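Summary of structural features
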Amino acid sequence: MTNSLPTPTAMARALKLVLEYAGLGFELEDGPAPGGCRLRLAPSVVHPWTHGDVQAHLLAEGITAEVEHLAPAPRPGHGLALTLPSEQEVQALGRLLETRLTGAQNSALQLHRALARIGVERHVEIQDVGSRALIDIGMFDTAAAAVLYRSLSGDESVLRALDLGDWHDHERFARELERAIAATGQVLLVESVPTCGHCRGRHGGNLIRFDYLDADDVLLLADALHRNTASGGSVRPSN
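Residues numbered from 1 in each chain as written. Predicted model: local features only at pLDDT ≥ 70, side-chain atom pairs only at ≥ 80, totals over all residues. Heavy atoms only, no water.

Looking at the side chain of threonine 184
Worth spelling out the cut-off: Only DSSP runs of H or I covering at least 4 residues are called helices, and only runs of E covering at least 2 are called strands; the numbering of each starts at the N terminus. Burial status follows relative accessibility: with a 1.4 Å probe on protein chains alone, a residue under 20% of its type maximum counts as buried, one over 50% as exposed, and anything between as partly exposed. By the criterion applied in these results, polar contacts are pairs of N or O atoms within 3.5 Å in which, for protein atoms, one can donate a hydrogen and the other can accept it, and in which residues neighboring in sequence qualify only through two side-chain atoms. The contact criterion used throughout is that any non-hydrogen atoms of two residues lie within 4.5 Å.
Relative to the helices and strands, threonine 184 is located in the loop between helix H7 (167-182) and strand E8 (190-193). For threonine 184, a relative accessible area of 16% gives the class buried. Polar side-chain contacts of threonine 184 include one of 2.6 Å to the backbone oxygen of isoleucine 181. Once you skip the residues sitting within four places of it in the chain, threonine 184 turns out to touch Leu152, Leu220 and Ala224.

Quick notes on the sheet that holds strand E7 (residues 139-141)
The cut-off we apply is this: By definition, two strands form a pair when at least two bridges between them are found by DSSP. Every axis corresponds to a line fitted to the C-alpha atoms, with the helix fit spanning only the stretch in contact, and the corresponding angles, defined between N-to-C directions, vary from 0 to 180 degrees.
The strand order across the open sheet built from 3 strands is E7-E9-E8, with neighbouring strands paired in antiparallel fashion. The open sheet has two free edges, formed respectively by E7 and E8, since each of these has just one partner strand. Neighbour to neighbour, the strand axes of the sheet diverge by 30 degrees on average, direction disregarded. Both E8 and strand E9 (residues 207-210) contribute to a ladder of 4 bridges, which runs antiparallel. Residue valine 193 lies in a different strand from E9, and its bridge partner there is leucine 207.

Section: the environment of leucine 213
Mapped onto the secondary structure, leucine 213 falls in the loop between E9 and helix H9 (215-232). We classify leucine 213 as buried; its relative accessible area is 2%. Residues leucine 213 and glutamine 186, spaced 27 residues apart in sequence, show a C-alpha to C-alpha distance of 9.7 Å. In contact with leucine 213, not counting residues within four places along its chain, are Leu134, Ile135, Ile137, Gln186, Leu188 and Val218.

Observations regarding the packing of aromatic side chains
Counted only if it meets this: Ring pairs shown here join Phe, Tyr and Trp side chains whose ring centres sit within 6.5 Å, with only the six-membered ring taken for Trp; geometry is labelled stacked below 30 degrees between planes, edge-to-face above 60, and tilted in between.
Overall, the coordinates contain 2 aromatic pairs when judged by the stated rule. Ring geometry for phenylalanine 140 and phenylalanine 210: centres 5.2 Å apart, planes at 80 degrees, overall edge-to-face. In this pair, phenylalanine 140 sits in strand E7 while phenylalanine 210 sits in strand E9, placing the two residues 70 residues apart along the sequence. Pairing tyrosine 149 with phenylalanine 173 gives two aromatic rings, centres 5.6 Å apart and planes at 70 degrees, and the pair type is edge-to-face. One end of the pair, tyrosine 149, is in helix H5 (residues 142-151); the other, phenylalanine 173, is in helix H7, and 24 residues separate them in sequence.

Structure below.
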């Protein structure tokens, strides 16, 4: 369970995002000092600084924090309470956590950030398929898929010529989006998922579904989105 801050700073939002992708159980609250926060979380073998003299471990990383060991924990798994006094400490803890993410967790986080930058908000899922951790970016409605296409430098004239509510045009759009993604250096199956007129009122319009991605492909996609939005500005979904 996670509790976000009532009016979170940018650093607190960034820390919350890293904690979510790290898979840690946590609660994040406003701190006593402006810009700071109070974090409750469970010690983890993946993060050695959460064991032993936690305060000393954090100081060694340049992070000042008040540390309280909660015994018994008020909620299962929440055995540490950290009070971070400033935005600088919040940012530093986020960086420390990020260094311990797995390849899949880091890739999912980078893609989440890249998608958010173009106005597409979603949690990027990690799926275990056999011995591999693959990334599932989920379904895109027509508005979000069009934003993604534009953000990958897709041909705007092609998009204007298509009626994404039409099944055949939507299938063609899926192929165009597939080509735009291929230009980033990866091959990814893009599938048009049509919605019939009877169901459209309940489930929305036609959808785009992507095949699973491995961590390296996700980083390529995130990097392409970052580069294109940095050079041309972010693209927001149209109403």
